[in-house]
Amino acid sequence: MRLRDLSLLAAGRLVGLVLMASTAPAAGPTFSKHVAPIFYKRCVACHRPRDIAPMSLLDYKSARPWAKAIRESVVKKRMPPWFADPHHGRFANDPSLTAEEVATIRDWVEAGAPEGDPRDLPPAPKFVDGWALGKPDIVIDIGEDHVVTPGEDAYEHFVVPTNFTEGKWIRAAEIRPGNRQVVHHVHVLLVTDDLKMMEVASTKNMPSLAQYLIREGKLSRIRPDAPVWNDGCAPDTPDLPFLRGAQEGGLAAFLPGRPPDVFPEGTAKWIPPGAKLEFVIHYARISGAPQTDRTSVGLYLAPGPPKQVLRRMDLRNFFLRIPAGAPSQQVRRCYDFEQDKLLLSFTPHMHYRGKDITYELETPEGSREILLRVPRYDFNWQLVYRLQEPKLVKKGSRLIVTAHYDNSPNNPFNPDPSQTIRWGDKSEEEMMTSWIEYLDVPSSPPLRAQRSGAR
Ligand code: HEC
């Protein structure tokens, strides 16, 4: 211990003696006492050995060499990853540091990132090795030991049968990556018959989706000569599939640092008999030897039919077109509420050219409110934004989703600014999709689900 530390310590004791229970001396923050609690709470879910982030922040020795980068990342709000504009909406899963926490980390780094007394460390966080929600009732995996080869990022789709002979209500779903070092994120979708659903949802004059889609193996994209409707909200937008109504889908997601999907109390999701699950897995770029992965999802059964069905609407604009080089192409999609609904969360989904996205609500009386704005969309972080207070939306209201795409060479993620881009599954093509979780108001009994096989 250096002399200065000793005298500080002595001074501290003295002050402590003189002032008894008064506040501690204003010594600078230390890792053990002030910084570790913040890291434990906000960083180590990803920054720990064998997890997605490049270094561990669990202990002083591992964190110390990164001190300056840590200061930068928290002062510039790059970490923890979160992209909602703080001026609009409050979100239950907002991990942002408070101004005080940022100041603590900054002051700590600027004071030379001292360790302090290890006895001040809070209890080390516990990580569950295995299912965080306990043993699932049913486990379904991707059906193969998938080999991830070094080189590029990869998106893989695995469609597997549930072999359910009767439908099931589930109260939670936990995705377990088979190999944490390569799995960046995972979505598990319920595969229903898209085309059939679209026919049901379509109006009499709507052409069928099959007319516009090209399937190449497991992936689809829209025909280059399909009509273009970048403004899906324009009054004269024709009835095109995916520009009217909404599609239902989506079961669970795994994202770095995100807890498993436990559905709100009293709600459940329905898996119909014979359903298939589609795993969409983003494998991060690796170097070195090939790795294998066998990701799975654990399903937790609800005791019976829920009070409320947790629903998800998927809003998409399939008819976008982003000209080569365009720095900020706008694409819109609207949804007119046919009944009252309680909105719970938003998950925007675009690809490499996605730039920003805004969700705005217009009431029948014409007042407008921004529910969520993501000013700097980042394809690497497919975040869900859960409203702190669910939003009751009245019938006749309109949700206006406005996105911009940067197809210019200034976008560092742009794979090829010389291409005109249309909708497609591949990351090099684009999407404009929003997943919105909601409940019907008043609660509607799960009629459709019951008809399709529930007991
Ligand atoms: C949800 C997972 C996650 C959380 C939570 C998280 N990080 Fe990170 N962090 C990452 C990943 C992944 C990378 C590497 C890729 C990147 O930079 O996006 C990274 C990179 C970093 C870097 C190096 C690159 C840079 O941008 O400066 C620093 C420093 C950092 N994180 C600090 C923190 C701190 C401090 C916290 C908590 C306050 C934190 N992170 C929370 C996942 C996370």
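A brief report on the enclosed structure follows. (Residues numbered from 1 in each chain as written. Predicted model: local features only at pLDDT ≥ 70, side-chain atom pairs only at ≥ 80, totals over all residues. Heavy atoms only, no water.)

Attention now goes to the nonpolar core. Counting residues in hydrophobic clusters, the biggest one holds 36 residues, and the most contacted among them are Phe337, Leu343, Phe346, Leu372, Tyr385, Leu399 and Tyr405. Listed by contribution, the elements that provide at least two residues to this core are β16 (311–316), β18 (329–336), β19 (341–349), β20 (354–362), β21 (368–374), β22 (385–393), β23 (398–405) and β25 (433–440). If one sorts the elements of this core by residue count, β23 sits on top with four residues. For this core, the domains that each give at least three residues are domain 1 (3–120) and domain 3 (226–237 + 307–455). Non-local contacts of Leu372, meaning those with residues more than four positions away in its chain, are made with Ala84, Phe91, Phe346, Ile357, Thr358, Tyr359 and Tyr385. (Core = buried A, V, L, I, M, F, W, Y, C linked by side-chain atoms within 4.5 Å. Buried < 20%, exposed > 50% of the residue type's maximum accessible area, 1.4 Å probe, protein only. Helix = DSSP H or I, 4+ residues; strand = E, 2+ residues; numbered from the N terminus. Domains from an automatic or database assignment. Contact = heavy atoms within 4.5 Å.)

Once that is clear, we can look at the state of the cysteines. Put plainly, two cysteines are in a disulfide when a covalent bond ties their sulfur atoms together. Throughout the structure, instances matching the rule amount to one disulfide. The disulfide partner of Cys233 is Cys334, and the gap between their sulfur atoms is 2.2 Å. The disulfide joining Cys233 to Cys334 has a torsion of about 100 degrees about its S-S bond and is therefore right-handed. Placement of Cys233 in the loop between β7 (219–222) and β8 (247–248) and of Cys334 in strand β18 is noted, with a sequence separation of 101 residues between them. Judged by relative accessible area, Cys233 falls into the buried class, the value being 6%. (Disulfide = S-S within 2.5 Å.)

Turning to the site of the ligand, a few remarks are in order. In the neighbourhood of the ligand, 20 residues make up the surrounding shell, with Cys43, Cys46, His47, Arg78 and Met79 lying closest. With respect to the ligand, the side chain of His47 contributes an N or O atom lying 2.8 Å from a nitrogen atom. A distance of 3.1 Å separates an oxygen atom of the ligand from a polar side-chain atom of Arg78. For the shell around the ligand, the class distribution of residues is 16 nonpolar, two polar and two charged. (Near = heavy atom within 4 Å. Polar contact = N/O pair within 3.5 Å; in protein donor to acceptor, adjacent residues only side chain to side chain. Nonpolar A, V, L, I, M, F, W, Y, C, P; charged D, E, K, R; others polar.)

Strand order in this open sheet of four strands is β18-β23-β20-β21, and the pairing throughout is antiparallel. In this open sheet, the two edge strands, each paired with only one partner strand, are β18 and β21. Neighbour-to-neighbour, the strand axes of this sheet turn through a mean angle of 20 degrees, independent of strand direction. Judged from the eight bridges that link them, β18 and β23 form a sheet pairing that is antiparallel. (Pairing = 2+ DSSP bridges. Axes fitted to C-alpha atoms, helices over the stretch in contact; angles between N-to-C directions.)

Expected angles at a metal are 109.5 degrees for tetrahedral coordination by four donors and either 90 or 180 degrees for octahedral coordination by six donors. Around the iron atom of the ligand, the protein contributes the donor atoms His47 (NE2) and Met79 (SD), which lie 2.0 to 2.3 Å from the metal centre. One can describe the site at the iron atom of the ligand as octahedral: its six donor atoms subtend angles covering 85 to 179 degrees at the metal. A residue pair is termed long-range when its members are at least 10 positions apart, and His47 in the loop between α2 (31–42) and α3 (60–63) and Met79 in the loop between α4 (67–75) and α5 (99–110) qualify at 32 residues. (Donors = N, O, S within 2.8 Å, 3.2 Å for Na, K, Ca; no water. Tetrahedral: all angles 85-135°; square planar, octahedral: opposite > 155°, others 65-115°.)

All right, on to the side chain of Asn414 then. Among the structural elements, Asn414 can be located in the loop between β23 and β24 (421–422). On the basis of relative accessible area, Asn414 is assigned to the buried category, the value being 11%. Of the polar contacts made by the side chain of Asn414, one reaches the side chain of Asn407; its length is 3.0 Å. Reaching out from Asn414, the side chain makes a polar contact with the backbone nitrogen of Asp416 at a distance of 3.1 Å. Discounting residues that sit within four places of it in the chain, Asn414 has contacts with Arg353, Asp406, Asn407 and Ser408.

Within β16, six of the six residues are buried, leaving the element largely enclosed by the surrounding structure. Of the two faces of β16, both are covered, the one formed by Arg311, Met313 and Leu315 as well as the one formed by Arg312, Asp314 and Arg316. As defined by bridge partners, β8 adjoins β16 across two bridges and the pair is classed as antiparallel. Bridge pairing in β16 places Glu248 opposite Met313.

Reading across the sheet, the four strands line up as β3-β12-β5-β9 and stay open at both edges, with antiparallel pairing between neighbours. The open sheet terminates on both sides in strands that have one partner only, identified here as β3 (154–161) and β9 (252–254). Direction aside, the axes of adjacent strands within the sheet are offset by 15 degrees on average. Where strand β5 (residues 183–191) and β9 come together, three bridges link them in antiparallel fashion. Bridge assignment links His187 to a residue of β9, and that residue is Ala253.

Structural measurements only, silent on function.
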